[in-house]
Amino acid sequence: MPVAVPTVSEKTLIQQDMPQQTVKGSDVGGRFLPTPVATYQKVKPSAIYVQAGAFGVEENAQRLKTKLTGVGRTDIYVANVDGKTFYRVRVGPVANVDQADELLNRVVGAGANGAKIVVN
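The rules we used
Residues numbered from 1 in each chain as written. Predicted model: local features only at pLDDT ≥ 70, side-chain atom pairs only at ≥ 80, totals over all residues. Heavy atoms only, no water. Core = buried A, V, L, I, M, F, W, Y, C linked by side-chain atoms within 4.5 Å. Buried < 20%, exposed > 50% of the residue type's maximum accessible area, 1.4 Å probe, protein only. Helix = DSSP H or I, 4+ residues; strand = E, 2+ residues; numbered from the N terminus. Contact = heavy atoms within 4.5 Å. Pairing = 2+ DSSP bridges. Axes fitted to C-alpha atoms, helices over the stretch in contact; angles between N-to-C directions.

Asker: Report on the nonpolar core, specifying residues and quantitative values.
Answerer: Counting 17 residues, the largest nonpolar core has Ala52, Leu68, Leu103 and Val107 as its most contacted members. Sorting the residues of this core by element identifies β3 (48-55), α2 (58-67), β5 (84-94) and α3 (97-109) as the ones contributing at least two each. Residue contacts for Leu68: discarding those within four places in its chain leaves Ala52, Thr74, Val89, Val91, Val107 and Ala110.

Asker: Lay out the sheet that holds strand β4 (residues 74-81) in plain terms, naming residues and giving numbers.
Answerer: In spatial order, the strands read β4-β5-β3-β6; together these four strands make up an open sheet with antiparallel pairing. Of all the strands in the sheet, just β4 and β6 (116-119) have a single pairing partner and so form its edges. Taken over all neighbouring pairs, the strand axes of this sheet differ in orientation by 45 degrees on average, direction set aside. Here β3 pairs with β6 via four bridges, running antiparallel. For Val50, the partnering residue across the bridge sits in β6 and is Ile117. Against the sheet, α3 touches β3, β5 and β6, its axis set at about 35 degrees to β3.

Interpretation in functional terms is not warranted from these geometric data alone.
So this is what it looks like as structure tokens:
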């Protein structure tokens, strides 16, 4: 059975009905790889802290804050999680991850072994 081949006028009609779009990309190893589309979203300003501890009793948080006074600016932040109040002892903020790593080492060296870096 013969295969129907479109005539020139039929090809023109088919091409006119199809949207004319191109996609940027490159041919790598015989495969077409489209260029990724980058999207950017604004992020909220944030601050990096070392959280030395979190306590359910405010006096415990005060004791740790006093212990860390020489390490850097230390504050207590109150947080309510699932109806419970916690007192978070945080040192900082610092400007970058390298400073946070250094500060974390100082906080752990001062005795707060469970300290961790947090971004607020």
